Amino acid sequence: MKKPSPPLGLYLHIPFCKSKCLYCDFYSLPQREEKMDEYTEVLLRHLEEMAPRAAGHRIDTVYFGGGTPSYLGVRRLEKLLKCLKKRYPLEKDAELTLEANPDSLDDWRAVRALRRAGINRISLGVQSADDCELKAIGRIHTFAQAEAAVQAVRKAKIHNLSLDLIYGLPGQSMASWQNTVKRVLDLEPEHLSCYGLKVEEGTPLFRMQSTLDLPDDDLQADMYLWAVACLAERGYAQYEISNFAKPGFASRHNLKYWLLEEYAGFGPGAHSDFGDVRYAYVRDLEGYCRGVTEGADMIAENERIPPRKRDLEYLMLGLRLTHGIEKREFENRFRLPFAPIQAVLERFRETGHAAQTDGRWHLTPEGFLLSNQIIGQVLEALGQEKLRREKAAEAHDFRVR
């Protein structure tokens, strides 16, 4: 009997924004509204062309990311959703997420139209409840607009709402961060993402950082740990370093990335992991459009990675999750010993940074703050074990000869 194909997630990158935030290093294009119609048609064509490849899969998640996908407008989004429903085998309970900014999601009738077209989850970029903090990072909405957007989502009868927050903002204090979290909790979202501000090279914020009053690492750590405890008290389970959800509302699409499941991306800069191949399209709108319409080269990255060779990814991504990693699962999947990994995690368990629950190893909230260091040591231990095995195999071959 033929084994059924695994489920597949789809990601559609919508690169348009009303304005670009000072910290953003995603591929996004402010004030390019004149390209929206052309881009929509190109996406539709690409979706049509790729549909046969997805025919044997069940599509269980669709994610419109950006940029600001809501800025594309209801009419264009409806066309894309209609194509997806017609050409792709969407599961009846598929999760369809739309990222949005508060200033582009204030009309409940528009949100209702999106719900009727298929959107059943909204991810709203709130970031802060303090308008001065929002202005400091180039956000063009106010918290009052965020509250209005949440009201529009609820009035449109969408019952899966995620709100994004950022801690470590310029001028932010512990008191202002606590106020943000508490005011956002009053909005009763099903899901929250709490990200530490990253000052990425090449962004305006990177060039400005010497003039900004940025919270230091210790304060950011205190903000994070306070949020973890506060959200747990309010019934939000942490399932990933930065993500918290009410029961049953973890992001099914984002979990695909962390669980090494398959997804196919569309749009400039979009990444895919499909058919044991990781690939990405160029971060260039015109280049991507030429690739779809004229057959020009639009692949920026392309690497075949067999399942047995994904041991490093399993560890790096699995240790981002509270679900963690497990000895038998690792050894059966990759035919490598777990002992060197466990030795590292045992050391961090003694310091309170790692724990084992129901046989699965995971990092604690304090451990998540050191995740890069811990994961680095785990990977180094595995690398040394691989090297030892290679040398042993070479010595055996030499003796045989």
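Shown above is the structure to which this text applies.
This write-up is about the structure you can find in this document. In this text, all values refer to a predicted model and were calculated from it rather than measured experimentally.

**Some details on the overall build of the chain**
Line of reasoning, step 1. A tally of helices and strands in the chain yields 15 helices and 17 strands.
Line of reasoning, step 2. Relative to a compact globule of 401 residues, whose C-alpha radius of gyration would be 21 Å, the chain shows 22 Å and is just as compact.
Line of reasoning, step 3. Dimensions along the principal axes, computed over C-alpha positions, put the chain at roughly 75 × 55 × 40 Å.
Line of reasoning, step 4. Within the chain, buried positions represent 50% of all 401 residues.
Line of reasoning, step 5. Of all intrachain contacts in the chain linking residues separated by at least 6 positions in sequence, the fraction that spans at least 24 positions is 70%.

**Structural notes on the pattern of salt bridges**
Line of reasoning, step 1. Tallied over the entire structure, the rule returns 24 salt bridges.
Line of reasoning, step 2. Ionic pairing is found between Lys 18 and Asp 103, a salt bridge with its closest N-O pair at 3.5 Å. Here the residue Lys 18 occupies a position in the loop between strand E2 (16-17) and strand E3 (29-30), and Asp 103 occupies one in the loop between strand E5 (90-100) and helix H3 (108-117), the gap between them amounting to 85 residues.
Line of reasoning, step 3. Note on Lys 18: relative accessible area 37%, which makes it partly exposed.
Line of reasoning, step 4. You can call Asp 103 buried: its relative accessible area is 15%.
Line of reasoning, step 5. A cluster of three or more residues bridged by salt bridges with shared partners is formed by Asp 273, Arg 278, Arg 310 and Glu 313.

**Here we look at helix H11 (residues 311-318)**
Line of reasoning, step 1. Counting buried positions along H11 gives six out of eight residues, so the element sits mostly inside the fold.
Line of reasoning, step 2. Within the span of H11, buried status applies to Asp 311, Glu 313, Tyr 314, Leu 315, Leu 317 and Gly 318.

**Some remarks on the packing of helix H2 (residues 74-87) against H3**
Line of reasoning, step 1. Running from amino to carboxyl end, H2 crosses H3 at an angle of 10°, the nearest separation of the two axes being 9 Å. By the criterion of interaxial angle, the relationship of H2 to H3 is roughly parallel. Facing Val 74, Leu 77, Glu 78, Leu 81 and Lys 85 of H2, the residues of H3 in contact are Ala 110, Ala 113, Leu 114, Arg 116 and Ala 117.
Line of reasoning, step 2. The residue inventory of the contact of H2 with H3, partitioned by class, reads seven nonpolar, no polar and three charged.

Parameters and conventions
- Throughout, a residue's number is its position along its own chain's written sequence, starting from 1.
- pLDDT decides what is reported in this predicted model: residues at 70 or higher carry local features, side-chain atom pairs at 80 or more are listed and counted, and totals for whole chains, interfaces and linings draw on all residues regardless.
- Hydrogens are left out, water is left out, and the side-chain values use all remaining heavy atoms of the structure.
- Put simply, DSSP marks the helices as runs of H or I at least four residues long and the strands as runs of E at least two long, and each gets a number from the N terminus on.
- Only C-alpha atoms enter the radius of gyration; for comparison, a globular chain is expected to reach 2.2 Å times N to the power 0.38, where N is the number of residues.
- Relative accessibility thresholds used throughout: buried, under 20% of the residue-type maximum; exposed, over 50%; partly exposed, between the two (1.4 Å probe, protein chains only).
- Should any heavy atoms of two residues lie within 4.5 Å, those residues are considered in contact.
- Here, a salt bridge means any Lys or Arg side-chain nitrogen found within 4 Å of an Asp or Glu carboxyl oxygen.
- Each axis is a line fitted through C-alpha atoms, and for a helix only the stretch in contact is used; angles between axes span 0 to 180 degrees, taken between their N-to-C directions.
- Should an angle lie under 35 degrees it is considered roughly parallel, over 145 roughly antiparallel, and from 65 to 115 roughly perpendicular; all remaining angles are considered oblique.
- Any residue that is not Ala, Val, Leu, Ile, Met, Phe, Trp, Tyr, Cys, Pro, Asp, Glu, Lys or Arg is counted as polar, Gly included; the first ten are nonpolar and the last four charged.

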